[in-house]
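Geometric and topological summary
Here's the letter readout for the chains.
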Amino acid sequence: MSRLVVISNRVADPRKTAAGGLAVALAEVLSNTGGLWFGWSGKIVPEGANEALHTQQAGPVKLATVDLTQADHDAYYLGYSNGVLWPVFHYRLDLADFDAGYIAGYRRVNQQFARKLLPLLRPDDILWVHDYHLIPLAAELRALGCKQRIGFFLHIPLPPPLMLAAIPGHDWLVRALFAYDLVGFQSKADLGHFAGYVETEAHAQPVEPGRWRAFGRTVQAGAFPIGIDVDEFQALTRAPEGAEMYQRMKNEYSRRKLLVGVDRLDYSKGLPHRMRAFRELLAKNPETRNSATLIQIASPSREDVSAYNDILHELESLCGSINGNFGELDWMPVRYMHRTVARARLPGLYRASRVALVTPLRDGMNLVAKEFIAAQDEADPGVLVLSRFAGAAEQMREAMLVNPYDTEGTAAGIMMALQMPLEERRNRHQALLQTLRRYDVHWWCDGFLQALDSAQAEEAGTSWLRL
Ligand SMILES: O=P(O)(O)OC[C@H]1O[C@H](O[C@H]2O[C@H](CO)[C@@H](O)[C@H](O)[C@H]2O)[C@H](O)[C@@H](O)[C@@H]1O
Ligand SMILES: O=c1ccn([C@@H]2O[C@H](COP(=O)(O)OP(=O)(O)O)[C@@H](O)[C@H]2O)c(=O)[nH]1
């Protein structure tokens, strides 16, 4: 059987819990399949000291990581990945910093990854590259002679063609995707944007459904929405830490309805918009005062990118003003934490909450939405208020779907969620749980790898794509 080699910027020990959807999902996949996980060690080392390869066996998974220099980290991770690709792919052209120096660092690190990975590969390995940090990796590997099957999965949204075309060198990026055998997206909408871009900007020919020819190569592309391990998450809910958290929250909030939000502190998550909607709810519905409390966990993220600092200050000022204007001596409407909470404690918190607020302005998928549903008590479930702009909304139609840009509409959606009768809550939850079970993380992984396995190999004689 072929060995699975996963490559992603972020690597986590699958035996420990991690924050961030990609690390959580890949740890789950690799714990089942075994294999090699290659990526960045998370360490920054002095110039010239970045040649070491660190390996470690973590259960069935071998971890192989490399370090980055400060200059590479700044240009590749902070600069091009999170200062250009992240904002543009999340429809925030206004936040993009198109510094011409970033792309060289991005390319340098992808070349470094290719150089370090190649000697570790076996002829029948299947390679699965993840996310926007590593778009050119297959092309760099091919240039070094790598012949193995390589698939790519984009965890974040792909924007509409004209927005993608705003990136200087956008054709270089999309061209790099054609070095893969299969390219996967989170949603049908993202796949539609890919088709739109390659057909209009790159004059690609659709060879057959889901397969395009451009740049002298053909590539297969499809939508593979990522899921969670429902059984694993429900077991966490029942485990001592989950059960204890549930009981503590239930006792603490016995007289009040609890709302919960769990996000990385990222401008794509729509946290200020959410706070404004919550303020509107309190202002328009006096009965919610003293009876509804929102716990908002905002875990620190990418703090060296300036847009992340701006969002921190905006959020903190909103939380402060809501508490100042509506709080009572014995009740504060918002409990805000700028900290990462261990994943094992989240199921208890989700289960004790009547409503979850998952209201990103744009999101690849959003696993918190799925985890909240998995953690509920089927006999008395809570309600998911979900942005229609989260990838998860394509599958989770029975959630209370809202437009986070519409403050009044979102506040009305939250109110309906708070007042929803038991029977409707049960019906919606049952339908959502069924979908989660059917399209879980194993379905995602198996579906992608089967499609990669059967993706038509490039015809003999085609030269490898050169960037
Ligand atoms: O690695 P970081 O820079 O700390 O960021 C954490 C991860 O954020 C993004 O997660 C995405 O993947 C999730 C799982 O598919 C998806 O649900 C979510 O919508 C995405 O935002 C990013 O794509 C990852 O590379 C990061 O590791
Ligand atoms: O304080 C926190 C915040 C988030 N998470 C986990 O991090 C993941 C976030 O994934 P999601 O897809 O929602 O968003 P991302 O952060 O990847 O954009 C989920 O599994 C959360 O349970 C966590 O363990 N602790």
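Residues numbered from 1 in each chain as written. Chains lettered and ligands numbered in written order. Predicted model: local features only at pLDDT ≥ 70, side-chain atom pairs only at ≥ 80, totals over all residues. Heavy atoms only, no water.

**Looking at the domain arrangement of the chain**
- By domain assignment, the chain separates into domain 1 (4–227 + 443–454) and domain 2 (230–438).
- Centre-to-centre separation of domain 1 and domain 2, based on C-alpha positions: 30 Å.
- Of the residues lining the interface, 28 residues belong to domain 1; the matching set on domain 2 comes to 21 residues.
- Both faces considered, domain 1 and domain 2 share a buried interface measuring about 2,100 Å² in area, 62% of it formed by carbon and sulfur atoms.
- Where domain 1 meets domain 2, there are two salt bridges.
- Arg-343 is the salt-bridge partner of Glu-28, the closest N and O atoms lying 3.7 Å from each other.
- Taken together, domain 1 and domain 2 are joined by eight residue pairs in polar contact (both at pLDDT 80 or more).
- Counting residues per element, the ones that place at least two in the side of domain 1 that touches domain 2 are α1 (21–33), α2 (70–89) and α7 (188–200).
- Counting residues per element, the side of domain 1 that touches domain 2 draws most heavily on α2, at five residues.
- For the side of domain 1 that touches domain 2, the residue count by class is 16 nonpolar, eight polar and four charged. (Domains from an automatic or database assignment. Contact = heavy atoms within 4.5 Å. Buried area = accessible area lost by both parts, 1.4 Å probe. Salt bridge = Lys/Arg side-chain N within 4 Å of Asp/Glu carboxyl O. Polar contact = N/O pair within 3.5 Å; in protein donor to acceptor, adjacent residues only side chain to side chain. Helix = DSSP H or I, 4+ residues; strand = E, 2+ residues; numbered from the N terminus. Nonpolar A, V, L, I, M, F, W, Y, C, P; charged D, E, K, R; others polar.)

**What to know about the pairing of strand β7 (residues 182–185)**
- On β7, burial covers both faces: Leu-182 and Gly-184 on one face and Val-183 and Phe-185 on the other are all buried.
- As paired elements, strand β6 (residues 149–153) and β7 share three bridges and run parallel to each other. Along β7, the bridge assignment pairs Gly-151 with Leu-182. (Buried < 20%, exposed > 50% of the residue type's maximum accessible area, 1.4 Å probe, protein only. Pairing = 2+ DSSP bridges.)

**With respect to the confidence of the model for the chain**
- Put simply, the chain has an average pLDDT of 95, and 97% of its residues get 70 or more.
- Quick note on the complex model: pTM equals 0.97, ipTM equals 0.98. (pLDDT = per-residue confidence, 0-100.)

**Quick notes on the packing of aromatic side chains**
- Tallying each qualifying case throughout the model produces 22 aromatic pairs.
- Here the aromatic rings of Tyr-106 and Trp-172 are separated by 6.4 Å at their centres, their planes lie at 65°, and the arrangement is edge-to-face. Of this pair, Tyr-106 sits in helix α3 (residues 102–117) while Trp-172 sits in helix α6 (residues 170–177), placing them 66 residues apart in sequence.
- With a relative accessible area of 0%, Tyr-106 lands in the buried category.
- Judged by its relative accessible area of 16%, Trp-172 is buried.
- Relative to Phe-448, the ring of Trp-128 has its centre 4.4 Å away and its plane inclined at 10°; by these criteria the two rings are stacked. Of this pair, Trp-128 sits in strand β5 (residues 126–130) while Phe-448 sits in helix α16 (residues 441–454), and the two are 320 residues apart along the sequence.
- The structure contains a cluster of three or more aromatic residues connected by ring pairs, namely Phe-38, Tyr-76, Tyr-80, Tyr-106, Phe-113 and Trp-172.
- Looking at Arg-302, its charged tip hangs above the ring of Trp-86, at a distance of 4.1 Å from the centre.
- Here the guanidinium or amino end of Arg-351 rests over the ring plane of Tyr-246, the centre of that ring lying 5.8 Å away. (Phe/Tyr/Trp six-rings, centres within 6.5 Å; stacked < 30°, edge-to-face > 60°. Lys NZ or Arg CZ within 6 Å of the ring centre and 35° of its normal.)

**Describing α16**
- Given a rise of 1.5 Å per residue, 14 residues ought to cover 20 Å, and the 20 Å separating the end C-alpha atoms of α16 matches this to within 8%.
- Buried within α16 are the following residues: Val-441, Trp-444, Cys-445, Phe-448 and Leu-452. All buried residues of α16 lie within an arc of 90° about the axis, which places them on one face of the element. Of the exposed residues in α16, those oriented more than 90 degrees away from the buried face are Gln-450, Asp-453 and Ser-454.
- Near the N-terminus of α16, the side chain that reaches the backbone nitrogen of His-442, with its oxygen 3.1 Å away, is that of Asp-440. (Expected span 1.5 Å × (residues − 1). Arc of directions from axis to C-beta.)

**Here's the deal with the packing of helix α8 (residues 230–238) against helix α15 (residues 422–438)**
- Remark: α8 packs on α15, axes separated minimally by 9 Å, with the N-to-C direction vectors making an angle of 120°. Classified by the angle their axes make, α8 and α15 are oblique. Where α8 approaches α15, its residues Val-230, Asp-231 and Gln-234 are matched on the opposing element by Leu-433, Leu-436 and Arg-437.
- For the contact of α8 with α15, the residue count by class is three nonpolar, one polar and two charged. (Axes fitted to C-alpha atoms, helices over the stretch in contact; angles between N-to-C directions. Parallel < 35°, antiparallel > 145°, perpendicular 65-115°, else oblique.)

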